[in-house]
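Structure at a glance
Take a look at the letters that make up each chain.
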Amino acid sequence: MAVNEDETVNTLLNFRTSELCPDWTRSVWNLDFTEYVSLPVEYESAVEELDWLTQLREAITVCREWVEGGRNPHVRGFWLVLSDNEILLKGLIVILFNFIENGHQSYDESDVRYKAQEKAILASQLYFTLVSIPGSGAYKVFHPILYCRCLELLKVYRQLVIAEPPVNATKRKKDHDTLGGEKKKRKGTISSQDQDEEGQVEFPGPEDEDLLNTTCDQEPYNSQQVSALMKLLFSLTKTLITLLECYSLKECGDSVEQTIQRLAPLTRLEPETFCRDFDVRSDSLSYVRSLPELSYLGLISVISSKHGDEEELSRQVFKHILPSILMLTGSNNSAVSAAQTIPRDLLAIKGHCVQFVSFLVKQKGQSSLHGVRILLQHMSTKVPDKAEYRAKTAQSIVTITKLLPTEVYARMLRWFHRYSRGEKGGCRMFALEIYGLLLNEPERTPDSSLDEELQKYLAHKFLLEFIIARCSDKASSVRAKAITLLATSLASGVAWIQREVKDLFTPCPRPAIPCSDRTLVVSEVENATTIGTSERSDCVNCTVRLVKLISAEARKDDGRDSTAAAAPAATFDYTEKMTTPLTVAGEEGVSESTALITDCADCTVKLVKLSLAEVQELTISDRQGIVSMLCRRSEDEKCAVRKAAVCALQNVILLDSGFCCKQNLEVLHKRCLDPAVSVRKQALVSLSELLLRGPDSDMLQRLWLDAVLPMILDRETKIQEKCMEMLEEVFLNNIVSHDTACSRSQLRAWHMLNTMGGELGQELRRYLQKCCQFWATQGKVKAALLSAVQSHVGTENYKGAWTLLVELAPVATTKFDIDFVIAYWKENRHGDLETVQKVLNILGRITDRLPKQVLTSLLSELHTKLGKFDSSPALISEMITALYRICKVQESGEKDPTHWCADILQASHAYLSEMVLDEDCHRHIDEELVICHLFTLGEIAQLIPSKMPKRLFMLVESLVATTTLGNNEIGSQEVLSQSVRTQFKGSKMSPLIRVHAFTTLGKLCLQNEAMAKKCVAALARELETSPDAIIRNNVILIMSDLCVRYTTVVDRYIPNVAACLKDESTLVRRQTLTILTSLLQEDYVKWKGSLFFRYIMAVVDRSEEIRSFAKFCLVHLLLHRYPAMFYVHFIECLFHFNAYEKHSAYNKFQQSKREKKLFSLNGVQNKEKRLQVYKFLLEHMSDEQRFNLNAKIVQDVLGGIVDSVIPFDDESIPIVQDAFTILCCKEMKLSTLRATAVSADDFQDEQEAVVAVAKKTIISQVVKRNVIENIVPVIIALKHMLEKMRSPLLGDLMAFLRELMKNYPNEVKDIMAADKQLASEIEYDLQKFEQDQAKSRRMSHCQGDLSTSVAQKAAASPTSLPSSSACPVQVQSVEEVPIQIKLLQ
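None of these values were measured; they are calculated from a predicted model. (Residues numbered from 1 in each chain as written. Predicted model: local features only at pLDDT ≥ 70, side-chain atom pairs only at ≥ 80, totals over all residues. Heavy atoms only, no water.)

With that out of the way, let us pick up the overall build of the chain. Across its full length, the chain carries 60 helices and five strands. Counting over 1385 residues, the chain shows a buried share of 51%. Taking the intrachain contacts of the chain between residues at least 6 apart in sequence as the baseline, contacts between residues at least 24 apart amount to 74%. For the chain, the accessible area works out to roughly 63000 Å², and carbon and sulfur atoms hold 49% of it. (Helix = DSSP H or I, 4+ residues; strand = E, 2+ residues; numbered from the N terminus. Buried < 20%, exposed > 50% of the residue type's maximum accessible area, 1.4 Å probe, protein only. Contact = heavy atoms within 4.5 Å. Areas by Shrake-Rupley, 256 points an atom, 1.4 Å probe, with all protein chains shown as cover.)

Below, the structure is given as structure tokens:
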């Protein structure tokens, strides 16, 4: 561009620099522009009428021409033009400085402040332009302080964009002053974490961004003023970029720092205007319209060799954009957004910064790599401890990391690996985030020049091994995250990931070595430090050494990764020699590895304990590796871990159908009963996914039906909805006509329907009924669906078709093809029994649509068939129901539509009377005929109770009467025998007839309250006397139905029902649990009397099935209904289970001798069972309940002994022993105070961890106060009492006192401070108690070794050869090693 010298001269002469006093100009330069001095009065008078805004704009325009055209050799230099025309350069700069400083002053009126800032911005722009003109360095135009004052005007831009109210601005200024003071204190301090892996000092955290000093009295700008100032500042920024392109700041490092510090905050403003174009030339800045883009271009211009070392400049730039990448907010860019999710603007800013860093990596190459590595390290160490922030930051790290060269990439992965082994769970969690994303990137092929140590970090197998190792981390949140990543990797569909995972499925491809054969020989251990030795008495050449294993890798430390935590012990590959499965690091904590090894080549000893870090489980007995671990994690105490394990196990089975075995599927089946809603839902989805996408397996289909179908009745609506969705996908969407049913999913649906239609599917049909009802309400049951189902009738799918039609009939009666059903009935009425039953059921549902002649024919046919009494009970039930409905429709106008049953009842009465009255009839009784008559009576009684003759009641009673009931003994026997004629006493019927007779009697009683009152006592007695388990089972069901119908009648006999929890038959015990649970849920029965203590004993039932079922009912069904039931009954459990009846309040309910004998848990032989019950109750109490229970045990039991409320004798000693055992057990401790309960690692967000720690602190103080005020005084008084009586309970008391001293040492010492002698006595007693305990353990251990040795020698053959397994040194723990070695000597 051509320059115009005349215009330049004329424009700059208007500044009248010659009229400035030289002394004044010299003084300002001598002060280095550090003080603001007003222009001389004479000069202000001379330029009073000059329009400075116009003059500044014109000067900027003409000077910009010299920037662009000043390098033309044919043009005279700009500076020569100034000197030739007596334009004083220093005077011009002083004038500009005066305008700039005036703009920094504070004015209350907005107009005055606006004009001052407008002049200051234009003056700064002119100054930047002058510096940019070639040759300015020779004339010393650039001054660092003046340059800094110009840069500070850019802060106005941020103030204008934020546009905060004055009050908020004032508050922020106060906050800034406070933070500034703290910052000054920290200045010059560099932590150990501020060093990179090369040992060099890294940059500290981001500094605060100062705002202009404003007060609440300042008048805000109007919109026009704001817009004008923003345009001027935008132009000033462009001029600054031009300066950076034209002028070198290498000689002034502070100016470079100031430039970066002012440009970086501008990248956070107006993020929505950014267009992500960094490759813009300086001559194209006029086309840039985005402030963030312009700011990034300025930062790119700074990172140039013209301004210094590019590597150092990159680090400085990355330092200031770090808060933006981490999405931090606040006045100093160090706070996390208070919103539930990260604001959209912060996400946009983060994306811009990541793109910027990526651009620098590509453009600058090697010079930016060191700064990028430091940036990535700080992103990892300073990421906010929130799940969303970790996820977004990890994405940013991976986006940048994948652009690095292979060697730098490998070094970064090594740093991440070391960082991941930090003590804080957040480090391991964030490393998992990064590794999970890196798995989705292609695996890099190492160069031949790459160090072998770094090559392993490039393999995806290394990443997977780390993820698998973290699946057993001690922090539950890390375990859950690791398993989730493993599940995601398994389901990714990426070939190389799935290949690597398959290789890790079975780390031991060879057959598993028995535990006794896996040993460790000393020659195979490197870097083993001997701790102690012992000579073996049975092998003179063998010396046992207790060693500490230290891996070679753990000792290597190049000193370059000091930001990461110290590395724990690393992997040892001794899979063939290990005696026990490995303990993965983090599960029990990271500790040094120890082992017993021997120098003898002929004799080896077992490995005691090996706790390693960063390994997968290398030796697992079932040879399933990952699958075995996932099965164990599905039982984790944290629901997030269980949910992740279920999802991962699903993906494992989908990846390798070989794992679709009963053992693994039962794990998913069990999780469908999990107490956590999220776990149940995941188990439902996982089983459904396996069914839809997994292998065709009858076992899988059956397990799916057993696990998923019952979830239709889940108490959570979300689970019900998800279950319906799965059922629709499995069944409804795959029901097509038989001709077109050929796909795998369609055939599977009909196979499962056929299963439900068979004998094994009876329990499942009620769930299908619920499902059909839901489909009907959703309008999904249409005529086309029914037609498709009907097409399968008469095919191999007939069972499933009729099963589905039966359930659809009640909800779609108007859509049924009645001609199809009638035709099938006519043709197949004598066909398959099950099918006939289902057809009758459907006919009964659609009777209102059947033609009259069909109804008449059907009525006559059914009536005739029913009168023959030759049908099965199931068919009889359907026929009676169909007859009843037909008569209701056909004879609705008649007074008595039930006349059809009169002759049937008369026939049954005649037959049963003849059988009962004939004394010899029992010798030739037709059992099937009797059962038909009894079942017919029961069904008719249910529908038409008014038609039942009273004499039939007596006949049924006589059939259930036995010799025992006919002896007129006592109580309930007399009730039933008095209602039976004397000739029936002692009548003997077969067990099968009596089973059906009891069922019929129950149906009669349900419809006749007087009959129920008369028979209920005899039924209760039958539970005790009947030898037939089926009869007892049926009687329990009858009592349950009677309790619902006549609650007050049956309530007094609930203890008789509860006594069946000790029945010999597992069937009866399970039925009793089911019945009692149902009655308790519906409030027909209350927890009163001995019921709770009878029920809770099912927890220690001899059958594992009953124990599991009882725990499920108590925890998942009843505890929600009665939250305090465990706490309320706990103290009485102590007295009841120890059979103590001397207390004035506890254990006072009535019990028979039989019940006492059945439910006895007293005595030493039952102590373990009592403890199981106590611990189960404690595990499911809240912390508040445990706290109150602790005080109640001390006051009511221990205090009762001290106060003589409870006599201290042989009967009360077991109660006190149980009380001490309960107080010492870990289940009694509050969950918030346990070691692992409130670890910060268990929380994904820092805020949750802070709340949990605060809660723990408060509760801890309350517990300590309770110890001081309530527990210790009672314990001390009881100790004195027991010492006087020389009671054996003193040992139990000392054990509890030891626990108190361990958990609350200061509190116990404080309360004993007043009595020094007492404190000394207790200390002495505790020491003596510890010594006695240690001596007892040694003696028992020695006796156990001697007995084992004798047994082995007695069993050994005289000709047997010596082997290593014949003389093992067995050690239980590292702490016991010195004791055992001493004994061996």
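With 14 residues, helix H18 (residues 406-419) extends 20 Å between its outermost C-alpha atoms, agreeing within 8% with the 20 Å of an ideal straight helix rising 1.5 Å per residue. Counting buried positions along H18 gives 13 out of 14 residues, so the element sits mostly inside the fold. (Expected span 1.5 Å × (residues − 1).)

This part covers the packing of aromatic side chains. Within this structure, the stated rule accounts for 32 aromatic pairs. Between the aromatic rings of phenylalanine 142 and tyrosine 147, the centroid separation amounts to 5.1 Å while the plane-to-plane angle is 50°, which identifies the pairing as tilted. Here phenylalanine 142 matches tyrosine 147 in class, with each residue buried. Note that arginine 113 overlies the ring of tyrosine 221, its terminal NZ or CZ placed 4.6 Å from the centroid. Above the plane of the ring of phenylalanine 935 lies lysine 1003, whose end atom (NZ or CZ) is 4.2 Å from the centre. (Phe/Tyr/Trp six-rings, centres within 6.5 Å; stacked < 30°, edge-to-face > 60°. Lys NZ or Arg CZ within 6 Å of the ring centre and 35° of its normal.)

In this section: the environment of phenylalanine 816. Assignment of secondary structure puts phenylalanine 816 in the loop between helix H34 (798-808) and helix H35 (818-828). We classify phenylalanine 816 as buried; its relative accessible area is 3%. Counting along the chain gives 11 residues from phenylalanine 816 to leucine 805, while the straight-line C-alpha distance between them is 9.1 Å. Sequence-distant contacts of phenylalanine 816, defined by excluding residues within four places in its chain, comprise Leu786, Gln790, Leu805, Leu808, Ala809, Val821, Ile842, Ile846 and Arg849.

What follows is about the packing of helix H28 (residues 677-693) against helix H31 (residues 744-757). Following both chains from N to C, one finds H28 and H31 inclined at 120°, their axes separated by 10 Å at the closest point. Comparing their axes, H31 and H28 come out oblique. Counting all contacts with H28, which are made through Leu691, Leu692 and Arg693, the residues of H31 involved are Arg744, Arg748 and Met752. (Axes fitted to C-alpha atoms, helices over the stretch in contact; angles between N-to-C directions. Parallel < 35°, antiparallel > 145°, perpendicular 65-115°, else oblique.)

Taken together, Asp108, Glu109, Asp111 and Glu219 make up a surface patch of like negative charges. Within the element layout of this structure, glutamate 219 appears in the loop between helix H10 (166-186) and helix H11 (223-246). Looking at glutamate 219, the relative accessible area reads 41%, which means it is partly exposed. (Patch = residues over 30% accessible without salt bridge, like charges linked within 9 Å, V, L, I, M, F, W, Y side chains within 5 Å. Salt bridge = Lys/Arg side-chain N within 4 Å of Asp/Glu carboxyl O. Lys, Arg positive; Asp, Glu negative; His and termini not counted. Charge placed at Lys NZ, Arg CZ, Asp CG, Glu CD.)

Moving on: the packing of helix H40 (residues 927-943) against helix H43 (residues 991-1006). At a closest axis distance of 8 Å, the pairing of H40 and H43 adopts a crossing angle of 10°. Regarding the angle of H40 to H43, the classification is roughly parallel. Counting all contacts with H40, which are made through Glu927, Val930, Ile931, Leu934, Phe935, Leu937, Gly938, Glu939, Ala941 and Gln942, the residues of H43 involved are Leu992, Ile993, His996, Ala997, Thr1000, Lys1003, Leu1004 and Leu1006. Broken down by class, the residue content of the contact of H40 with H43 amounts to 11 nonpolar, four polar and three charged. (Nonpolar A, V, L, I, M, F, W, Y, C, P; charged D, E, K, R; others polar.)

You can see threonine 242 is positioned in helix H11. C-alpha separation for the pair threonine 242 and serine 132, spaced 110 residues apart in sequence, amounts to 6.9 Å. Beyond its immediate chain neighbours, meaning those up to four positions away, threonine 242 contacts Val67, Ser132 and Leu285.

With that settled, consider the side chain of arginine 1170. Relative to the assigned elements, arginine 1170 resides in helix H53 (residues 1167-1179). Dropping the residues within four chain positions of it, arginine 1170 is found in contact with Phe1137, Asn1138, Leu1161, Asn1162, Gly1163 and Asp1218.

As a further point, take the nonpolar core. With 381 residues, the main nonpolar core has Tyr127, Phe731 and Leu1198 as its most contacted residues. Residues contacting leucine 1198, with those up to four places away along its chain left out, are Ile1193, Val1216, Ala1219, Phe1220, Leu1223, Val1274, Ile1275 and Leu1278. (Core = buried A, V, L, I, M, F, W, Y, C linked by side-chain atoms within 4.5 Å.)

Take H31 next. Every α-helix carries 3.6 residues per turn, so stepping three or four residues along brings you back to the same face. Between the first and last C-alpha of H31 there are 20 Å, a value that for 14 residues agrees with the 20 Å anticipated at 1.5 Å per step. Of all the residues in H31, the buried ones are Gln746, Arg748, Ala749, Trp750, Met752, Leu753, Asn754, Met756 and Gly757.

This part is about the pattern of salt bridges. All chains considered together, the criterion is met by 42 salt bridges. In this structure, glutamate 453 engages arginine 414 in a salt bridge whose closest nitrogen and oxygen atoms are separated by 3.9 Å. Here arginine 414 lies in helix H18 and glutamate 453 lies in helix H20 (residues 452-455), a separation of 39 residues in the sequence. Assessed through its relative accessible area of 31%, glutamate 453 is described here as partly exposed. Linked through salt bridges whose partners overlap, the residues forming this network are Glu635, Arg642, Lys670, Arg671 and Asp674.

Let us look at unusual backbone geometry. The phi torsion at phenylalanine 33 lies on the positive side, around 55°, for a residue other than glycine. When you line up the elements, phenylalanine 33 lands in the loop between helix H2 (22-30) and helix H3 (41-46). According to the relative accessible area criterion, phenylalanine 33 is buried, its value standing at 2%. Positive phi values are uncommon outside glycine, yet aspartate 1083 reaches one of about 65°. The topology assignment puts aspartate 1083 in the loop between helix H48 (1066-1081) and helix H49 (1091-1096).

On to the confidence of the model for the chain. Of all residues in the chain, 73% have pLDDT values of 70 or greater, and the mean over the chain is 75. Note that pLDDT drops below 50 for residues 164-216; the model gives that stretch 98 contacts with residues more than four away or on any other chain. Per-residue pLDDT stays below 50 along residues 1235-1244; that stretch engages in 32 contacts with residues further than four places along the chain or on separate chains. (pLDDT = per-residue confidence, 0-100.)

This paragraph deals with the side chain of lysine 350. Relative to the elements of secondary structure, lysine 350 occurs in helix H15 (residues 344-364). Lacking a salt bridge, the buried lysine 350 has glutamate 388 as its closest oppositely charged neighbour, with an N-O distance of 9.5 Å. Aside from chain neighbours lying at most four places away, what touches lysine 350 is Ser324, Ile325, Met327, Lys392 and Ser396.

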